[in-house]
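Results of the structural survey
Residues per chain, in single letters:
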Amino acid sequence: MKNLKQQDPKIYEIIKREEKRQKEGLELIASENYVTPAVLEAMGSILTNKYSEGYPGKRYYGGNEVIDQAENLAIDRAKKLFGAEHVNVQPLSGSPANLAVYMALLKPGDKVLGFSLDQGGHLSHGHPLNFSGLLYTIIPYFVDKKTEEIDMDEVERIALKEKPKMILAGFSAYSRSMDWKRFKQIADKIGAFTFADIAHIAGLIAGGQIDSPVPYFDVVSTTTHKTLRGPRGAMIMSKAQFAQAINRAVFPGVQGGPHDHINAAKAVAFGEALKPSFKTYTAQIIKNAKSLSDALQKRGYRIVSGGTDNHLMLVDVFGSKGVTGKEAEHALEIAQISINKNMIPFDPRKPMDPSGIRVGTPALTTRGMKEKHMETVAEFIDRGIKNKDSETELKNLRKDVKDFAIKFPVPGIK
Ligand SMILES: Cc1ncc(COP(=O)(O)O)c(C=O)c1O
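Residues numbered from 1 in each chain as written. Predicted model: local features only at pLDDT ≥ 70, side-chain atom pairs only at ≥ 80, totals over all residues. Heavy atoms only, no water.

Re the site of the ligand
Taken together, 13 residues form the shell around the ligand, and within it Ser93, Gly94, Ser172, Asp197 and Lys226 come nearest. One of the backbone nitrogen or oxygen atoms of Ser95 is found 2.9 Å away from an oxygen atom of the ligand. Contact between the ligand and Asp197: a nitrogen atom at 2.6 Å from a side-chain N or O atom of the residue. Protein contact buries 83% of the 390 Å² of open area that the ligand shows by itself. By residue number, the principal contributor to the shell around the ligand is helix H5 (residues 94-105), which donates 3 residues. The residue inventory of the shell around the ligand, partitioned by class, reads 2 nonpolar, 9 polar and 2 charged. (Near = heavy atom within 4 Å. Polar contact = N/O pair within 3.5 Å; in protein donor to acceptor, adjacent residues only side chain to side chain. Areas by Shrake-Rupley, 256 points an atom, 1.4 Å probe, with all protein chains shown as cover. Helix = DSSP H or I, 4+ residues; strand = E, 2+ residues; numbered from the N terminus. Nonpolar A, V, L, I, M, F, W, Y, C, P; charged D, E, K, R; others polar.)

With respect to the packing of helix H7 (residues 152-162) against helix H8 (residues 180-190)
Each pair of packed helices gets described by two things: the angle between the helix axes and the distance between those axes. Here H7 crosses H8 at 15 degrees, and the two axes come no closer than 10 Å. Viewed along their axes, H7 and H8 adopt a mutual orientation that is roughly parallel. Handedness of the H7/H8 crossing: right-handed. Contact residues: Met152, Asp153, Val155, Glu156, Ala159 and Leu160 in H7; Arg182, Phe183, Ile186, Lys189 and Ile190 in H8. (Axes fitted to C-alpha atoms, helices over the stretch in contact; angles between N-to-C directions. Parallel < 35°, antiparallel > 145°, perpendicular 65-115°, else oblique. Left-handed = near helix turned anticlockwise from the far one by under 90°. Contact = heavy atoms within 4.5 Å.)

Considering the domain arrangement of the protein
Quoted interface sizes are often the accessible area lost when the parts come together. Domains assigned within the protein are domain 1 (40-273) and domain 2 (279-405). Here the C-alpha centre of domain 2 lies 28 Å away from the C-alpha centre of domain 1. Counting from both sides, the interface comprises 25 residues of domain 1 and, opposite them, 26 residues of domain 2. A buried area of about 2,100 Å², summed over both sides, lies between domain 1 and domain 2, and 55% of it is on carbon and sulfur atoms. Per-residue buried area on domain 1 facing domain 2 is highest for Glu148, Ser175 and Arg176; these three make up 27% of the total on that side. Here domain 1 is connected to domain 2 by 2 salt bridges. Residues Asp309 and Arg176 are paired through a salt bridge, measuring 3.0 Å at the closest nitrogen-oxygen approach. (Domains from an automatic or database assignment. Buried area = accessible area lost by both parts, 1.4 Å probe. Salt bridge = Lys/Arg side-chain N within 4 Å of Asp/Glu carboxyl O.)

Comments concerning unusual backbone geometry
Of note, the bond from Phe251 into Pro252 is cis; its omega dihedral lies within 30 degrees of zero at 10 degrees. Following the sequence through the fold, Pro252 ends up in helix H10 (residues 243-254). Even without glycine at this site, Phe346 takes up a positive phi of about 55 degrees. Along the chain, the position of Phe346 falls in the loop between strand S14 (340-342) and strand S15 (356-360). Under the relative-accessibility criterion, Phe346 is labelled partly exposed at 37%. (Buried < 20%, exposed > 50% of the residue type's maximum accessible area, 1.4 Å probe, protein only.)

With respect to the sheet that holds strand S11 (residues 302-303)
A sheet is described by the order of its strands in space; here 4 strands give the open sequence S11-S12-S15-S14, paired in antiparallel fashion. Pairing within the sheet leaves two strands with one partner each, and these edge strands are S11 and S14. Strand direction decides the pairing type here: strand S12 (residues 312-316) and S15, joined by 5 bridges, are antiparallel. Residue pairing in the sheet places Met313 in a bridge with Val359 of S15. Sitting on the sheet, helix H12 (residues 276-298) touches S11, S12 and S15, and the angle it makes with S12 is about 15 degrees. Docked against the sheet, helix H14 (residues 325-334) engages S14 and S15, running at close to 175 degrees with respect to S14. (Pairing = 2+ DSSP bridges.)

Things to note about the packing of aromatic side chains
Summed over all chains, the structure comprises 14 aromatic pairs. Ring geometry for Phe193 versus Phe242: centroids 5.8 Å apart, planes at 85 degrees, classification edge-to-face. A residue pair is termed long-range when its members are at least 10 positions apart, and Phe193 in strand S8 (residues 193-197) and Phe242 in the loop between strand S10 (234-238) and H10 qualify at 49 residues. Take Phe193: its relative accessible area is 23%, and that puts it in the partly exposed class. An aromatic cluster is present here, built from Phe115, Tyr141, Phe171, Tyr174 and Phe183 joined pairwise through their rings. (Phe/Tyr/Trp six-rings, centres within 6.5 Å; stacked < 30°, edge-to-face > 60°.)

So, the nonpolar core
Phe82, Tyr141 and Ile198 are the most contacted members of the largest nonpolar core, which has 50 residues in total. Two domains share this core, each providing at least three of its residues, namely domain 1 (40-273) and domain 2 (279-405). Excluding its chain neighbours within four sequence positions, the residues that come into contact with Ile198 are Phe82, Trp180, Ile205, Pro213, Val220, Ser221, Thr222 and Met237. Among the nonpolar cores identified, the runner-up in size contains 32 residues, and Ala295, Leu296, Ala378 and Val401 belong to it. (Core = buried A, V, L, I, M, F, W, Y, C linked by side-chain atoms within 4.5 Å.)

Concerning the environment of Lys184
Within the element layout of this structure, Lys184 appears in helix H8. The spatial distance from the C-alpha of Lys184 to the C-alpha of Ala169 is 9.9 Å, given a sequence separation of 15 residues.

What about a nonpolar patch on the surface?
Taken together, the side chains of Met1, Ile11, Ile14 and Ile15 present a nonpolar region at the surface, about 340 Å² in accessible area. Position of Ile11 among the secondary structure elements: in helix H2 (residues 9-24). (Patch = residues over 30% accessible without salt bridge, like charges linked within 9 Å, V, L, I, M, F, W, Y side chains within 5 Å.)

Structure below.
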């Protein structure tokens, strides 16, 4: 980065400080990951200079013969990775991708059945201030109070009563498998569209670790930057019959020109995910999550639904230790352990200071950590929470976290 250092030392220094933070801390935000140097290089390439409104072979700008090849490569690799009939790799991020799906399938005011936001759904699944909640009529479904898993009989009961035009399955904070087949069967009973948002678990699906909705669902969206370990962005997969509606909704419906450097980086990440080593990586993410969940339970923390089938878990820190999610997040941040406060199902507390925290293992697994290291990570989390009021103890912990973390290299950071 010698040019940047010379020309804009302020931004250069900021990047250096963030490198240090990423290297010396423990990243347990479930939606984050570290991309490979190859993905970084494609993202930082001169492909950013091009404008290419439209689709390969049908652009509104000249000079796209090279860009078309990059976008087609991303599409072909994504199709192979997920077995999708149609793929649009242009969505700039997860929320605009979801907006395009709503636009392609629905009219404003239409009913959508989606996972309740305070139990694990995403903002774009119906938050009152988000386009989804503002433009559509959202009917929520919930987890069972006892098992804390989605109650599919209840989903069916609500669907038959409300007859939504679309059923949305997907989550930001849920640790159990989704019954894609059953969602599809329910939708077929009422003639509803099926839309899966696999933003969090796309990598685990690509790695063959958990079931895919792609064979069953009409439309599937995902971000590319979480477990899939690509650049920040998204894509939409669909059955062939929805291809035209999806493409029109993305452009010109929601977006202008695609980000060609990002689409090339998506192609690189999909290429990486097609390799056998990605299977091993994604299997390890889940093994690590299960180990971390066990290690936290051993230390007296209640894990929502009793465990995890994927890369994340919700920890009821308030119910377990009388420490709120906000307090836990703050204490752990001082120790350079990144997690986020999170509502738990039927949370008696408020969203800004909820009962839970969400922790995930994709980023630590990318650094090469295995099951045995999760014991240490759980110990650090427990120490941070127990010592939340002691600045001195948290600073001591920060030093131990650093000594441990720097043994595991971060791709792309020396
Ligand atoms: C399930 C789900 N969908 C969509 C998104 C939105 O993605 P973005 O932040 O890229 O807009 C997220 C982000 O966390 C998510 O978890």
